[in-house]
Amino acid sequence: MLTRDDVFDELGIGPVWRLREAVSTPSPDTTTPPAVHQSLADWDQLSDAVNQCTACKLHRTRTQGVLGVGDRNADWLIVGEAPGADEDAQGEPFVGQAGKLLDAMLAALDLRRGHNVYIANVLKSRPPGNRNPEPDEVAACRPYLLAQVQLIQPKLILALGRFAAQSLLASDEAIARLRGRVHTFQNVPLIVTYHPAYLLRNLPDKARAWEDLCLARRTMMNL
Ligand code: URA
C-alpha cells in the first residue's frame, strides 16, 4: 500500500510543491449531451459492442478491446490515450510502467484504482506499434467514451496527456496551454495533466503534474 510520502517520492515532489495549488473556475459548457445509441445504454451492451467492434481498422491487429476498469459509480473518470501492448494483452488500461505512476498519482488524490475512480482511454483498441491514434479511429471510438460518461456520470474528468486532452476538448492547443484551468466535457469539469508515460521520461514536469492534481482535488472539493 502506497503512503503519501511514497507518492511524493514517486512524483519527485518536494514540500515546496505541496503549497502550490492553481485556482480556476469551471467555464460553462453549453453543449447538450448527445443521446447514446440504444445499443450502448448499459454496461453489458457497451462491453459487447467494444469487444465485437469492427468500426475501424484497429480491430484487425488488436488482441481484445479494452473498455476500461474501475468503479462504475465513480466520481472520478481518468481518460488516457489508447491501450499499449500490456493493456492489449491483459484487457485493462494502464497496467504497465505508466500505470504504476498513474496509481501513485491517484494515491496523491487519496484514490485507489477501483475505488471511486474509473479508468478508460480515448481508444479502446491498441494502435499497432504504439503509433499515435488516427482521426478516423478517434471518431469511431467516440460513442464508447460518451456512453461511459453517461453511464458513470462522473463529477470530474482528468485527461492524461496531449492526445486525450485535445481529443476530448476538440482542440489543437498545446498541453502547456490546456493545463492549469478547468474545462468541461459533456458538462463535466475536465482537468488536463501530463500523461504518466511522458512524466516517466520528463521528470521535471512531475512538479507541474502535482499542481494539476491539486487543481483537480480542489475543483472536486468545490463542486
Ligand atoms: N497509455 C494510455 O494512454 N493508456 C493505457 O491504457 C496505457 C498506456
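Up top is the structure these notes are about.
Everything numeric in this text was worked out from a predicted model, so none of it was measured.

Participant: For this particular structure, what's the right way to read the overall build of the chain?
Facilitator: When helices and strands are counted, the chain shows 10 helices and six strands. Relative to its full complement of 223 residues, the chain shows a buried share of 48%. When contacts within the chain are restricted to residue pairs at least 6 apart in sequence, those whose partners lie at least 24 apart make up 76%.

Participant: How do you make sense of the site of the ligand when you look at a structure like this?
Facilitator: Within the structure, the ligand sits among Gly80, Glu81, Ala82, Glu87, Pro93, Phe94, Asn121 and His195. Take Glu81: an N or O atom from its main chain is 2.7 Å from an oxygen atom of the ligand. Burial of the ligand by the protein amounts to 89% of the accessible area it has alone, namely 240 Å².

Participant: Help me out: how do you make sense of the pairing of strand β5 (residues 182-185) in this one?
Facilitator: Where a strand is regular, its side chains alternate between the two sheet faces. In β5, alternate side chains face the same way, and those of Val182 and Thr184 on one face and His183 and Phe185 on the other are all buried. Across four bridges, β5 lies against strand β6 (residues 188-193) in antiparallel orientation. When the sheet's bridge partners are listed, Phe185 is paired in β6 with Val188. With antiparallel pairing between neighbouring strands as the criterion, β5 and β6 make up a hairpin whose turn holds two residues, including Gln186 at a positive phi of roughly 55°.

Participant: So what exactly am I meant to see when it comes to the sheet that holds β6 here?
Facilitator: The strands making up a sheet associate through backbone hydrogen bonding, with each pair oriented either parallel or antiparallel. Overall, mixed pairing links the six strands, which are arranged β1-β3-β2-β4-β6-β5 in an open sheet. Each edge of the sheet is formed by a strand with only one pairing partner; in this case those strands are β1 (69-70) and β5. Examined bridge by bridge, strand β2 (residues 76-80) and strand β4 (residues 156-160) share four bridges and lie parallel to one another. If you follow Ile78 over to β4, its bridge partner there is Leu158. Across the sheet, helix α6 (residues 135-152) touches β2, β3 (117-121), β4, β5 and β6, and the angle it forms with β3 is around 170°.

Participant: Help me out: how do you make sense of helix α3 (residues 43-52) in this one?
Facilitator: Each α-helix turn comprises 3.6 residues. Residues three or four places apart therefore point the same way. The complete set of buried residues in α3 reads Trp43, Leu46, Ala49 and Val50. Here the buried residues of α3 occupy an arc of 130° about the axis, which is enough to place them on one side. Opposite the buried face of α3, at more than 90 degrees from it, the exposed residues are Asp44 and Gln52. Residues of α3 that are buried make contact with β3 and α6. At the N-terminal end of α3, a side-chain oxygen is found 3.0 Å from the backbone nitrogen of Asp44, two or three residues along, and the residue is Asp42.

Participant: Explain the packing of α3 against α6 to me, please; I cannot follow it from the model alone.
Facilitator: Packed helix pairs are characterised by how far apart their axes lie and by the angle those axes make with each other. Closest axis-to-axis distance for the α3/α6 pair is 11 Å, and the angle between their directions is 160°. Classed by the angle they form, the pair α3 and α6 counts as roughly antiparallel. Handedness of the α3/α6 crossing: left-handed. Contact with α3, carried on its side by Trp43, Leu46, Ala49 and Val50, involves Tyr144, Ala147, Gln148, Leu151 and Ile152 of α6 and no other residues of that element. When grouped by side-chain class, the residues that make up the contact of α3 with α6 number eight nonpolar, one polar and no charged.

Participant: Where do I start with the packing of aromatic side chains in this structure?
Facilitator: Aromatic ring pairs are reported here in terms of the distance separating the ring centres and the angle at which the planes meet. Scanning all chains against the criterion turns up two aromatic pairs. For the pair Trp43 and Tyr118, a centre-to-centre distance of 5.4 Å together with 40° between the ring planes defines the contact as tilted. Of the two residues, Trp43 sits in helix α3 while Tyr118 sits in strand β3, which places them 75 residues apart along the sequence. Take Trp43: its relative accessible area is 12%, and that puts it in the buried class.

Participant: It is not clear to me how helix α10 (residues 206-222) should be interpreted in this structure. Could you clarify?
Facilitator: The terminal C-alpha atoms of α10 lie 24 Å apart, and with 17 residues this matches the ideal 24 Å at 1.5 Å per residue to within 8%. For α10, a buried count of 12 out of 17 residues is recorded, marking the element as mostly surrounded by other parts of the structure. Among the residues of α10, Lys206, Ala207, Ala209, Trp210, Glu211, Asp212, Leu213, Cys214, Leu215, Ala216, Thr219 and Met220 are the ones counted as buried.

Participant: Got a minute to help me understand the side chain of Thr219 in this structure?
Facilitator: Along the chain, Thr219 falls in helix α10. A residue is classified by how much of its surface remains accessible, and Thr219, at 7% relative accessible area, is buried. Apart from the residues lying within four places of it in its own chain, the contact partners of Thr219 are Leu156, Val182, Pro189 and Ile191.

Each value, and the rule that gives it
- Residues numbered from 1 in each chain as written.
- Predicted model: local features only at pLDDT ≥ 70, side-chain atom pairs only at ≥ 80, totals over all residues.
- Heavy atoms only, no water.
- Helix = DSSP H or I, 4+ residues; strand = E, 2+ residues; numbered from the N terminus.
- Buried < 20%, exposed > 50% of the residue type's maximum accessible area, 1.4 Å probe, protein only.
- Contact = heavy atoms within 4.5 Å.
- Near = heavy atom within 4 Å.
- Polar contact = N/O pair within 3.5 Å; in protein donor to acceptor, adjacent residues only side chain to side chain.
- Areas by Shrake-Rupley, 256 points an atom, 1.4 Å probe, with all protein chains shown as cover.
- Pairing = 2+ DSSP bridges.
- Axes fitted to C-alpha atoms, helices over the stretch in contact; angles between N-to-C directions.
- Arc of directions from axis to C-beta.
- Parallel < 35°, antiparallel > 145°, perpendicular 65-115°, else oblique.
- Left-handed = near helix turned anticlockwise from the far one by under 90°.
- Nonpolar A, V, L, I, M, F, W, Y, C, P; charged D, E, K, R; others polar.
- Phe/Tyr/Trp six-rings, centres within 6.5 Å; stacked < 30°, edge-to-face > 60°.
- Expected span 1.5 Å × (residues − 1).

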